[in-house]
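Letter by letter, the chains look like this.
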Amino acid sequence: MHRSGIRTLMELAMRDPQAIRLEIGEPDATTPAHVVAAASRDAAAGHTAYTSSTGEPELRAALAEKVSRVNGLTVTPDQIVVSHGAMHGLAMAINALAGPGEQILLPDPEFPNWRMAAVAAGVEVGTYPARAENGFVPTLADIEASITPATRIIVVCSPNNPTGAMYPAELLAGVVELARRHDLWVFSDECYEAITFGAPHVSPATFDTDDRVVTFFSFSKTYAMTGWRIGYAVSRNEQVIDLLGQVAEATVACPSSVGQRAALAAVTGPQDEVAAAVDSYRERRDAAVELLTTRGIGCVRPEGAFYLMVDVSAATTDSEAFALRLLDERHVSVSPGSAFGPGGEGMVRVSLASERSALLAGLDRLADLIVTWSDVTVPDADLAPGAGPDLAPATA
């Protein structure tokens, strides 16, 4: 299992007190006050014991109502499994529905944790291209061409991490039909469902007629609850829900009871702060794209999520070398595109969820490095930024 390049840069940046942190998908807002207050009250009242492995009934009922109202999926509380973050839900589903000798198909660029979870389960990993020239939106033909006899699962992610691409309804409907013809599961990562900039978010499960789509949601990004570690999986397949419950019991016993009470307050309480955050991300996206355009640097304008893929190939096609040098010399941390697979190479991912002035200052420094790039000896990744040897000129 290869370590995520995102975490490599994150841990180096944590050792640099001057670093502008643009590498991690961490909202700069704090968890809404009413959520924290509700969780505190519930904890004081004794809601700190084990819950069902599939989650508290009250929370599952509230999530079923939300999914029906917001995502257009008519489900019951028994068709929802609360997980220890959305990634835990997806990892459980891989373990439940695929095994050694079978394959999962990921979009390239990919979120690296998907691959890590598959490798941990002994599942082979294949990819289908999502090309920058098409706004990182894949084509149905490319997805079908990537299917092999071993393929068991297709993963889609819209709004997409790392690219911010929004998949149109006709593509998602086509993926579900493709999965039906090849008898595959569809895993839909919808962690950024609430963060869209005009294009509508569509759940592929709305096109599912034979219960082969499993959908994964998160509280982390929508409600700035990354550390609370609460997500949920939705499936109308009774066997899938049963298997997820068993894997949950084997891995975490149950999700955090305190986190679940916080999630209940978030999903049933006021949503004003969610809307305000999305407006802020949209404004930051526009400002970031304008700055880069003014500096003559290419990027792919995202339609959702809060990431921006920036082209650094004018300096080097080695995105990891670029990210390491940017942190060492300019004290700006970004995620190298190579962390997301071959389709991300020559680019870096920037988080738009960072504080606005820091975001724009960091992008200015990034642009400066592209302009002044020269021969360089890349610092050892094991060294703290600035702690390595003096950098010598290097090849563009």
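As recorded by an unreviewed UniProt entry, the protein carries the name Aminotransferase and is attributed to Cellulomonas denverensis. Under the UniProt heading Cofactor (unreviewed entry), the entry covering the protein gives this text: "pyridoxal 5'-phosphate". Recorded in UniProt for the protein, the comment headed Sequence similarities (unreviewed entry) runs: "Belongs to the class-I pyridoxal-phosphate-dependent aminotransferase family."

### A short note on the UniProt feature "domain: Aminotransferase class I/classII large" (unreviewed entry) in the protein
As recorded in UniProt, the feature "domain: Aminotransferase class I/classII large" (unreviewed entry) lies at residues 19–354. Structurally, residues 19–354 comprises 38% helix and 17% strand, and the distance from its first C-alpha atom to its last is 12 Å.

### Concerning the pairing of strand 5 (residues 151–157)
Burial analysis of strand 5 places 6 of its 7 residues in the buried class, the great majority of the element. Of the strand pairs in this sheet, strand 5 and strand 6 (residues 185–189) are connected by 5 bridges, and their pairing is parallel. From the neighbouring strand, Val-155 faces strand 6, where its bridge partner is Phe-187. The parallel pair strand 5 and strand 6, bridged by helix 7 (residues 169–182), forms a crossover whose chirality is right-handed.

### Some thoughts on the domain arrangement of the protein
Reports of interface size often rely on the accessible area that becomes lost once the parts have come together. In terms of domain boundaries, the protein breaks down into domain 1 (5–30 + 272–372) and domain 2 (33–268). A separation of 25 Å is found between the C-alpha centroids of domain 1 and domain 2. Across the contact, 28 residues belong to domain 1 and 28 residues belong to domain 2. Together, Glu-303, Ala-305 and Phe-340 form the three largest contributors to the area buried by domain 1 at its contact with domain 2, with a combined 24%. At the junction of domain 1 with domain 2, the criterion picks out 0 salt bridges. Scanning the region where domain 1 abuts domain 2 turns up 10 residue pairs in polar contact (both at pLDDT 80 or more). Where the side of domain 1 that touches domain 2 is concerned, the elements lending two or more residues are helix 10 (272–294), strand 10 (307–311) and strand 13 (347–351). The element contributing the most residues to the side of domain 1 that touches domain 2 is helix 10, with 6 residues.

### A closer look at helix 8 (residues 238–251)
Because each turn of an α-helix spans 3.6 residues, side chains separated by three or four positions end up pointing in the same direction. If you check helix 8, its first and last C-alpha atoms are 20 Å apart, about what 14 residues at 1.5 Å a residue would give, namely 20 Å. Val-240, Ile-241, Leu-244, Gly-245, Val-247 and Ala-248 are the residues of helix 8 that are buried. Of the surrounding secondary structure, the elements contacted by the buried residues of helix 8 are strand 2 (80–83), helix 4 (86–97), strand 6, strand 7 (213–218) and strand 8 (231–234). Structurally, the start of helix 8 carries an N-cap: the backbone nitrogen of Gln-239 is 3.0 Å from a side-chain oxygen of Asn-237. Looking one or two residues past helix 8, Ala-253 carries a phi angle of roughly 70 degrees, positive in sign.

### What about the nonpolar core?
Of all hydrophobic cores here, the largest spans 48 residues; its most connected members are Leu-63, Ile-154, Val-156, Tyr-167, Phe-219 and Tyr-232. When residues of this core are traced back to their parent elements, those giving at least two are helix 2 (33–44), helix 3 (57–70), strand 2, strand 5, helix 7, strand 7, strand 8 and helix 9 (257–268). No other element matches the 6 residues that helix 7 contributes to this core. Sequence-distant contacts of Ile-154, defined by excluding residues within four places in its chain, comprise Leu-105, Tyr-128, Ile-143, Ile-147, Val-175, Leu-184, Trp-185, Val-186 and Phe-187.

### Brief notes about the sheet that holds strand 2
Strand order in the open sheet formed by 7 strands is 2-8-7-6-5-3-4, and the pairing between neighbours is mixed. Taken across any chain shown, the strands that pair with only one partner, and hence form the sheet edges, are strand 2 and strand 4 (124–129). Recorded for the sheet is a direction-independent mean angle of 25 degrees between the axes of neighbouring strands. Sheet analysis places strand 6 next to strand 7, joined by 4 bridges and oriented parallel. Counterpart to Val-186 in the pairing with strand 7 is Val-213.

### Considering the packing of helix 4 against helix 8
Running from N to C, helix 4 and helix 8 point in directions that differ by 115 degrees, and their axes come no closer than 9 Å. Of the possible angle classes, the one that applies to helix 4 and helix 8 is roughly perpendicular. For the pair helix 4 and helix 8, the crossing hand works out as right-handed. In this structure, helix 4 contributes His-88, Gly-89, Met-92, Ala-93, Ala-96 and Leu-97 to the contact, and helix 8 contributes Val-240, Leu-243, Leu-244, Val-247, Ala-248 and Thr-251. Within the contact of helix 4 with helix 8, the residues separate by chemical class into 9 nonpolar, 3 polar and no charged.

Conventions used here
Residues numbered from 1 in each chain as written. Predicted model: local features only at pLDDT ≥ 70, side-chain atom pairs only at ≥ 80, totals over all residues. Heavy atoms only, no water. UniProt positions renumbered as here; feature names shortened; annotations may be inferred. Helix = DSSP H or I, 4+ residues; strand = E, 2+ residues; numbered from the N terminus. Buried < 20%, exposed > 50% of the residue type's maximum accessible area, 1.4 Å probe, protein only. Pairing = 2+ DSSP bridges. Right-handed = clockwise from strand over helix to strand, strands pointing away. Domains from an automatic or database assignment. Contact = heavy atoms within 4.5 Å. Buried area = accessible area lost by both parts, 1.4 Å probe. Salt bridge = Lys/Arg side-chain N within 4 Å of Asp/Glu carboxyl O. Polar contact = N/O pair within 3.5 Å; in protein donor to acceptor, adjacent residues only side chain to side chain. Expected span 1.5 Å × (residues − 1). Core = buried A, V, L, I, M, F, W, Y, C linked by side-chain atoms within 4.5 Å. Axes fitted to C-alpha atoms, helices over the stretch in contact; angles between N-to-C directions. Parallel < 35°, antiparallel > 145°, perpendicular 65-115°, else oblique. Left-handed = near helix turned anticlockwise from the far one by under 90°. Nonpolar A, V, L, I, M, F, W, Y, C, P; charged D, E, K, R; others polar.

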